[in-house]
Amino acid sequence: MTRKVLMNHRNTHSVSVAGVIIDDQGRALLTQRRDNGHWEAPGGILELDEDITTGLVREIREETGLDVEPVALTGVYKNMSRGIVALVFRCKVIDGELMETDEARAFRWVTASQATALASEAFGIRVVDAMQHDAVPAVRFHDGTNLLGCV
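Below or above, wherever it landed, is the structure these notes cover. (Residues numbered from 1 in each chain as written. Predicted model: local features only at pLDDT ≥ 70, side-chain atom pairs only at ≥ 80, totals over all residues. Heavy atoms only, no water.)

**Overview of helix H1 (residues 52-64)**
Part 1 of the argument: Spanning 13 residues, H1 covers 18 Å between terminal C-alpha atoms, matching the ideal 18 Å at 1.5 Å per step.
Part 2 of the argument: Of the positions making up H1, those classed as buried are Gly-55, Leu-56, Val-57, Arg-58, Glu-59, Ile-60, Glu-63 and Thr-64.
Part 3 of the argument: If you follow the buried residues of H1, they end up packed against strand E1 (14-21), strand E2 (28-33), strand E4 (43-45), strand E5 (66-79), strand E6 (84-96) and strand E7 (104-110).
Part 4 of the argument: Sitting at the amino-terminal end of H1 is Asp-51, which places a side-chain oxygen 3.1 Å from the backbone nitrogen of Thr-53.
Part 5 of the argument: Directly after H1, the chain includes Gly-65, whose backbone phi takes a positive value near 85 degrees. (Helix = DSSP H or I, 4+ residues; strand = E, 2+ residues; numbered from the N terminus. Expected span 1.5 Å × (residues − 1). Buried < 20%, exposed > 50% of the residue type's maximum accessible area, 1.4 Å probe, protein only. Contact = heavy atoms within 4.5 Å. Polar contact = N/O pair within 3.5 Å; in protein donor to acceptor, adjacent residues only side chain to side chain.)

**A few points about a nonpolar patch on the surface**
Part 1 of the argument: Judged by side-chain polarity, Met-80, Phe-141 and Leu-148 come together as a nonpolar surface patch covering roughly 270 Å² of accessible area.
Part 2 of the argument: Looking at the element boundaries, Met-80 is found in the loop between E5 and E6. (Patch = residues over 30% accessible without salt bridge, like charges linked within 9 Å, V, L, I, M, F, W, Y side chains within 5 Å. Areas by Shrake-Rupley, 256 points an atom, 1.4 Å probe, with all protein chains shown as cover. Salt bridge = Lys/Arg side-chain N within 4 Å of Asp/Glu carboxyl O.)

So this is what it looks like as structure tokens:
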């Protein structure tokens, strides 16, 4: 018997990418989003026709004006309520200058403790995970604000 799978919002996912950019002082860059005022690492939804690295570099350039190079995958995170799987990378700047954009209205270079104070739990942990250079990638899930668990 063949089982028919219905494609609807309840069983589909989108994939996003984010870059935790680390400076020479070991701080991470957070952007303040224009749409909701939240502090997060820059990133966004992958377009269907682009590979992961291309999408990551594009999203960061669009939000910050910086060109980056991904250094390592630091975590995989699923927003359980919205069906978004996020791939987060530690990155380094290779060119460009920070500038306000249509998507980001402010920037801050922060320590891990500052990131957890500024960002929601679900987004602050991404920065903390990325700042741990010797760790294996984290696998976590959340509700959009609060962590619900990890693997």
